[in-house]
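Below, each chain spelled out in residue letters.
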Amino acid sequence: MDWQPDEQGLQQVLQLLKDSQSPNTATQRVVQDKLKQLNQFPDFNNYLIFVLTRLKSEDEPTRSLSGLILKNNVKAHYQSFPPPVADFIKQECLNNIGDASSLIRATIGILITTIASKGELQMWPELLPQLCNLLNSEDYNTCEGAFGALQKICEDSSELLDSDALNRPLNIMIPKFLQFFKHCSPKIRSHAIACVNQFIMDRAQALMDNIDTFIEHLFALAVDEDPEVRKNVCRALVMLLEVRIDRLIPHMHSIIQYMLQRTQDHDENVALEACEFWLTLAEQPICKEVLSSHLVQLIPILVNGMKYSEIDIILLKGDVEEDEAVPDSEQDIKPRFHKSRTVTLPHEEERPEDPEDQEEDDDDDDDTLSDWNLRKCSAAALDVLANVFREELLPHLLPLLKGLLFHPEWVIKESGILVLGAIAEGCMQGMVPYLPELIPHLIQCLSDKKALVRSIACWTLSRYAHWVVSQPPDMHLKPLMTELLKRILDGNKRVQEAACSAFATLEEEACTELVPYLSFILDTLVFAFGKYQHKNLLILYDAIGTLADSVGHHLNQPEYIQKLMPPLIQKWNELKDEDKDLFPLLECLSSVATALQSGFLPYCEPVYQRCVTLVQKTLAQAMMYNQHPDQYEAPDKDFMIVALDLLSGLAEGLGGQVEQLVARSNIMTLLFQCMQDTMPEVRQSSFALLGDLTKACFMHVKPCIAEFMPILGTNLNPEFISVCNNATWAIGEICMQMGAEMQPYVQMVLNNLVEIINRPNTPKTLLENTAITIGRLGYVCPQEVAPMLQQFIRPWCTSLRNIRDNEEKDSAFRGICMMIGVNPGGVVQDFIFFCDAVASWVSPKDDLRDMFYKILHGFKDQVGEENWQQFSEQFPPLLKERLAAFYGV
């Protein structure tokens, strides 16, 4: 006998469903309480499924809502459903997947995949066979409902479906799905492609076995009249390009022709999927070869896609020119994440950094539409293609650009400026001849009457900042700076934001070139303080911090300090300890303190005290939470991390003058706790501060060394790169202060350091810091470290050859020389690497040069003239020259 509801119970449930559609918050609260009560009854879920599948007299939204409440219950506690209830729900789902209403079919599909993903695919063996069977139904609703459910299961459980756990159902499902690519209903065709698409990226075996059929069927659907089908075809081809390019290469010419058409599809969703194709193709080694002959068609299409659509302009309030007095709505403000401090060394020639290390330089010129759209995708595609084709792109672009940049319609002119910015990185060399006339034109666009033109001009100019700075300052730097500063005070918030970001980029490029204009720059930035709404204030802090980083101690002038500090301190006093706006302000003050050095002294006391308080509060809150997680909230540890980093900035800027502040506070006790925090970023910032305090006022650190060293030793774990890096650096700084007293601690850290320097794939920064610290340990305790020389000398030499001459390198090389004195045999096999490392010095101090001289000549005398000749034959010519010139060997 089937389960039947009790009439009174059913009415109660229906009333609840009606109430829960009420907009009134009080009613909503009552509903939530009522739901909690009803969930105590095991068969409440039977009522919910009954309303969804059987109660056809009710309106669809109510029935669907009943299913969605049931879905949430399944998610929360399916494991505790009594078996008869679970079985009833499953049976009802399968019997009603062909409901006449598409909303109810979709709801049942969601319910099925939720049950399936609760580990029930194994426990519900009839599910997949039955759904696949229902695909054969003559009834459209049944077929579509079953397909909808299958698509959701494929999305949620793709890995499980391709595993032995279920006996590899895909071997049956994939060929089955492929049959439906030719179905007469577009909705069914679309489901079928979407199902198969779930298995491309994971290279499911069953799909790989049918790959040629799949591709053939996709080609057959290329010109389908249904946009959803075309979108799924494009998506499939984009993924295949990444996973099985070998199968596409024979057809590449026609695929490219097809994608050129689809990128212009009148349905924007199709065009967007197709546009992804160019982004993916640019990452493939064959890009240049297959795409060269098509650039002439592709470039105009991408450029055309970079115009704002009408809907964009409405959403961006493109017709609103002045909104600076309108307060920001809080949800517009993206959460900011603080990037903890990492200690790095200066390099010989500034090599372009590994793109992995750089913060994403996002072309986010229209944040409010941070949803991916055709404009952004086209611009991104043009950017990556410019990086692939370089100057070869320009013949296709320049003729177009002229027409765009001087176009009377602002939307078209704006897209031209975006194009110019998108190609800046890839085509820089080829653009140089045109920049002397383009840059003045762009600077003129900064005062265009349309705000969206002014804001994009800011971004594009920032992309050419490097070139601007390379020219005589009066040519472009001065006019650009003058105009950008006006834009920082624009009446439009989007322009203010773009100008502030662009100015920060210009600061990074120009560095000390800005010194002559500091007064003028500070006047503008300080004026903006009084003018900006919330969101842009946060970007303004960044521009001020970057200015301090860029001009360094040149900022330390009474008139500049007078301008800059009062408004910063005023903000500092306005903000409460729990306000997240403290993050960017603390970061900014950290840069300012480091730049001002002694000039920051009058302000340091309250700033120092508050940082200590922030650390203390956060630690206390974390302790309460750990003891009573049900009564207390977990603290936001970012407050503590940012405070530790600002304390580092103070220690670095004030040097020995920070001593009196440290003496009057319990920072060492707090630091002891922070160094043992569970969160890696807290430990990372703690070790940076420990190193800075060691340099600034070791007298306060020394009494804690016995407690701190074991903690430093356990953190030499390269699993957390930045923590390990900062701990390593701090140990090196401690060595230099401890001298021979370091001896009891050498064994705690040496083995880990030697292991790290020999690990494959260790990041460059960590290798360099590890080498410096090993050298410093050897400098203060040569007898303890020298026996291991042979185990690290080779990677030690290779990781330090690119470091500029500086104090850290000096002490490390002294250490290596002293260890070679103790254990000359340890360096014999790798002596060529030592020679190379010595030659990397431009001007070592005299006594260090003597040490090098003695070792080189000692080795030469030891092996004899003839052997030395043979040995030095292996040297690259440059190395030979340098050693002969500097050391006469």
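Quick caveat: nothing in here was measured; it's all calculated off a predicted structure.

## Considerations on the overall build of the protein
Part 1 of the reasoning: A count of helices and strands for the protein gives 50 helices and zero strands.
Part 2 of the reasoning: Across its three principal directions, the C-alpha atoms of the protein cover 95 × 70 × 65 Å.
Part 3 of the reasoning: Out of the 889 residues in the protein, the part that is buried amounts to 57%.
Part 4 of the reasoning: In the protein, 75% of the contacts between residues at least 6 apart in sequence involve partners at least 24 apart.
Part 5 of the reasoning: When the accessible surface of the protein is split by element, carbon and sulfur atoms take 52% of a total near 39,000 Å².

## Description of the confidence of the model for the protein
Part 1 of the reasoning: Mean pLDDT over the protein stands at 90; residues scoring 70 or higher make up 96%.
Part 2 of the reasoning: Across residues 349–369, confidence stays below pLDDT 50; counting only partners more than four residues off in sequence or on other chains, it has 33 contacts.

## With respect to the environment of arginine 390
Part 1 of the reasoning: Looking at the secondary structure, you find arginine 390 in the loop between helix H21 (374–389) and helix H22 (394–405).
Part 2 of the reasoning: The exposure class assigned to arginine 390 is partly exposed, which follows from its relative accessible area of 37%.
Part 3 of the reasoning: Measuring from C-alpha to C-alpha, the distance between arginine 390 and glutamine 429 comes to 8.1 Å, with 39 residues separating the pair along the chain.

## As for the packing of helix H32 (residues 558–574) against helix H33 (residues 582–596)
Part 1 of the reasoning: Contact geometry for H32 and H33: axes closest at 11 Å, N-to-C directions at 150°. Put simply, H32 runs roughly antiparallel to H33. The hand of the H32/H33 crossing is left-handed. The segment H32 lies against H33, with Ile561, Leu564, Met565, Leu568, Lys571 and Trp572 engaging Leu582, Leu585, Leu586, Cys588, Leu589, Val592 and Leu596.
Part 2 of the reasoning: Partitioned by chemical class, the residues of the contact of H32 with H33 number twelve nonpolar, no polar and one charged.

## A few points about helix H2 (residues 25–38)
Part 1 of the reasoning: Its 14 residues give H2 an end-to-end C-alpha distance of 20 Å, which sits within 8% of 20 Å, the value for a rise of 1.5 Å per residue.
Part 2 of the reasoning: In the core, the buried residues of H2 are packed alongside helix H1 (7–19), helix H3 (44–53) and helix H4 (60–77).
Part 3 of the reasoning: Its side-chain oxygen 2.7 Å from the backbone nitrogen of alanine 26, asparagine 24 forms the N-cap of H2.

## A closer look at the nonpolar core
Part 1 of the reasoning: Grouped together as the largest cluster of nonpolar side chains are 317 residues, with contacts concentrated most on Phe214, Trp278, Phe600, Met742, Phe792 and Trp796.
Part 2 of the reasoning: Counting residues per element, this core draws most heavily on helix H35 (residues 638–654), at eleven residues.
Part 3 of the reasoning: Excluding residues that lie within four positions of it along the chain, methionine 742 makes contacts with Met709, Ile731, Ile734, Cys735, Leu777, Val780 and Cys781.
Part 4 of the reasoning: Ile313, Leu316, Val411 and Leu452 belong to the second-largest nonpolar core, a separate cluster that totals five residues.

## Thoughts on the packing of aromatic side chains
Given two aromatic rings, their pairing is described by the distance between the two centres and the angle made by the two planes.
Part 1 of the reasoning: Scanning all chains against the criterion turns up 24 aromatic pairs.
Part 2 of the reasoning: With 5.1 Å between their ring centres and 90° between their planes, phenylalanine 277 and tryptophan 278 make a pair best called edge-to-face.
Part 3 of the reasoning: On the basis of relative accessible area, tryptophan 278 is assigned to the buried category, the value being 0%.
Part 4 of the reasoning: Ring geometry for phenylalanine 886 against tyrosine 887: centres 6.2 Å apart, planes inclined by 45°, an arrangement best described as tilted.

## Considering the pattern of salt bridges
Should their charged atoms come close, side chains of opposite charge can pair.
Part 1 of the reasoning: Tallied over the full model, the rule gives 40 salt bridges.
Part 2 of the reasoning: One salt bridge connects aspartate 59 with lysine 18, and the closest N-O pair in it is separated by 3.7 Å. Here aspartate 59, found in the loop between H3 and H4, pairs with lysine 18, found in helix H1; they are 41 residues apart in sequence, far enough to count as distant.
Part 3 of the reasoning: Take aspartate 59: its relative accessible area is 34%, and that puts it in the partly exposed class.
Part 4 of the reasoning: A salt bridge links arginine 814 to aspartate 810; the nearest nitrogen and oxygen atoms lie 2.6 Å apart. On the criterion of helical spacing, the pair formed by arginine 814 and aspartate 810 is a turn pair, its members being four residues apart in helix H46 (residues 807–822). Pair check on accessibility: arginine 814 and aspartate 810 agree, each one buried.

## Regarding a negative patch on the surface
Part 1 of the reasoning: Judged by side-chain charge, Glu508, Glu509, Asp542 and Asp549 come together as a negatively charged surface patch.
Part 2 of the reasoning: Those elements that place two or more of their residues in the negative patch are helix H29 (493–510) and helix H31 (534–551).
Part 3 of the reasoning: If you trace the backbone, aspartate 542 turns up in helix H31.
Part 4 of the reasoning: Taking relative accessible area as the criterion, aspartate 542 reaches 42% and is therefore assigned partly exposed.

## Some details on the packing of helix H34 (residues 601–627) against H35
Part 1 of the reasoning: At a closest axis distance of 9 Å, the pairing of H34 and H35 adopts a crossing angle of 150°. With respect to H35, the axis of H34 lies roughly antiparallel. Between H34 and H35 lies a crossing of left-handed hand. Of the residues in H35, those in contact with Leu601, Cys604, Val607, Tyr608, Cys611, Leu614, Val615, Thr618 and Leu619 of H34 are Phe639, Met640, Ala643, Leu644, Leu646, Leu647, Leu650 and Leu654.
Part 2 of the reasoning: Classifying every residue of the contact of H34 with H35 gives 16 nonpolar, one polar and no charged.

## So, the environment of leucine 65
Part 1 of the reasoning: Locating leucine 65 in the fold gives a position in helix H4.
Part 2 of the reasoning: Owing to a relative accessible area of 23%, leucine 65 belongs among the partly exposed residues under this scheme.
Part 3 of the reasoning: As a C-alpha pair, leucine 65 and proline 566 span 501 residues in sequence and 57 Å in three-dimensional space.
Part 4 of the reasoning: Contacts of leucine 65, omitting those with residues within four sequence positions, involve Leu17, Ser20 and Gln21.

## A closer look at unusual backbone geometry
Where the residue is not glycine, phi is negative for most of them; where a peptide bond is considered, it is trans in most cases.
Part 1 of the reasoning: In this structure, cysteine 511 is a non-glycine residue whose phi angle is positive, near 45°.
Part 2 of the reasoning: For cysteine 511, the location among the structural elements is in the loop between H29 and helix H30 (518–529).
Part 3 of the reasoning: Backbone geometry places glutamine 597, a non-glycine residue, at a positive phi of 50°.

## A few points about the side chain of serine 462
Part 1 of the reasoning: You can see serine 462 is positioned in helix H26 (residues 451–463).
Part 2 of the reasoning: Assessed through its relative accessible area of 13%, serine 462 is described here as buried.
Part 3 of the reasoning: Among the polar contacts listed, one links the side chain of serine 462 to the backbone oxygen of tryptophan 459, at a separation of 2.6 Å.

## Observations concerning helix H17 (residues 268–282)
Part 1 of the reasoning: An ideal rise of 1.5 Å per residue puts 21 Å on 15 residues; H17 measures up with 22 Å between its terminal C-alpha atoms.
Part 2 of the reasoning: In terms of residue burial, H17 counts as a mostly covered element, since twelve of its 15 residues are buried.
Part 3 of the reasoning: Every buried residue belonging to H17 is among Val270, Ala271, Leu272, Glu273, Ala274, Cys275, Phe277, Trp278, Leu279, Thr280, Leu281 and Ala282, and all of these are buried.
Part 4 of the reasoning: Looking at the buried positions of H17, the neighbouring elements they touch are helix H14 (227–243), helix H16 (252–262), helix H18 (287–291), helix H19 (295–305) and H21.
Part 5 of the reasoning: Measuring from the backbone nitrogen of asparagine 269 back to the side-chain oxygen at the start of H17 gives 2.9 Å, which picks out aspartate 267 as the cap.

## Comments concerning the environment of isoleucine 200
Part 1 of the reasoning: Within the secondary structure layout, isoleucine 200 lies in the loop between helix H11 (186–197) and helix H12 (205–209).
Part 2 of the reasoning: On the accessibility criterion, isoleucine 200 (0% relative accessible area) is buried.
Part 3 of the reasoning: C-alpha separation for the pair isoleucine 200 and glutamate 605, spaced 405 residues apart in sequence, amounts to 60 Å.
Part 4 of the reasoning: Apart from residues lying up to four places away in sequence, isoleucine 200 is in contact with Leu207, Met208, Phe214, Ala236, Met239, Leu240 and Val243.

## Let's talk about the side chain of arginine 463
Part 1 of the reasoning: Within the secondary structure layout, arginine 463 lies in helix H26.
Part 2 of the reasoning: Residue classification places arginine 463 among the buried residues on the basis of a relative accessible area of 13%.

## Overview of the state of the cysteines
Part 1 of the reasoning: In total, this model carries zero disulfides according to the counting rule given.
Part 2 of the reasoning: Here cysteine 674 is not disulfide-linked; the sulfur of cysteine 611 is the nearest cysteine sulfur, at 12 Å.
Part 3 of the reasoning: With no disulfide of its own, cysteine 781 has cysteine 735 as its nearest cysteine by sulfur position, at a separation of 7.0 Å.
Part 4 of the reasoning: Given a relative accessible area of 3%, cysteine 781 falls into the buried group.

Conventions used here
- Residues numbered from 1 in each chain as written.
- Predicted model: local features only at pLDDT ≥ 70, side-chain atom pairs only at ≥ 80, totals over all residues.
- Heavy atoms only, no water.
- Helix = DSSP H or I, 4+ residues; strand = E, 2+ residues; numbered from the N terminus.
- Buried < 20%, exposed > 50% of the residue type's maximum accessible area, 1.4 Å probe, protein only.
- Contact = heavy atoms within 4.5 Å.
- Areas by Shrake-Rupley, 256 points an atom, 1.4 Å probe, with all protein chains shown as cover.
- pLDDT = per-residue confidence, 0-100.
- Axes fitted to C-alpha atoms, helices over the stretch in contact; angles between N-to-C directions.
- Parallel < 35°, antiparallel > 145°, perpendicular 65-115°, else oblique.
- Left-handed = near helix turned anticlockwise from the far one by under 90°.
- Nonpolar A, V, L, I, M, F, W, Y, C, P; charged D, E, K, R; others polar.
- Expected span 1.5 Å × (residues − 1).
- Polar contact = N/O pair within 3.5 Å; in protein donor to acceptor, adjacent residues only side chain to side chain.
- Core = buried A, V, L, I, M, F, W, Y, C linked by side-chain atoms within 4.5 Å.
- Phe/Tyr/Trp six-rings, centres within 6.5 Å; stacked < 30°, edge-to-face > 60°.
- Salt bridge = Lys/Arg side-chain N within 4 Å of Asp/Glu carboxyl O.
- Patch = residues over 30% accessible without salt bridge, like charges linked within 9 Å, V, L, I, M, F, W, Y side chains within 5 Å.
- Lys, Arg positive; Asp, Glu negative; His and termini not counted.
- Charge placed at Lys NZ, Arg CZ, Asp CG, Glu CD.
- Disulfide = S-S within 2.5 Å.

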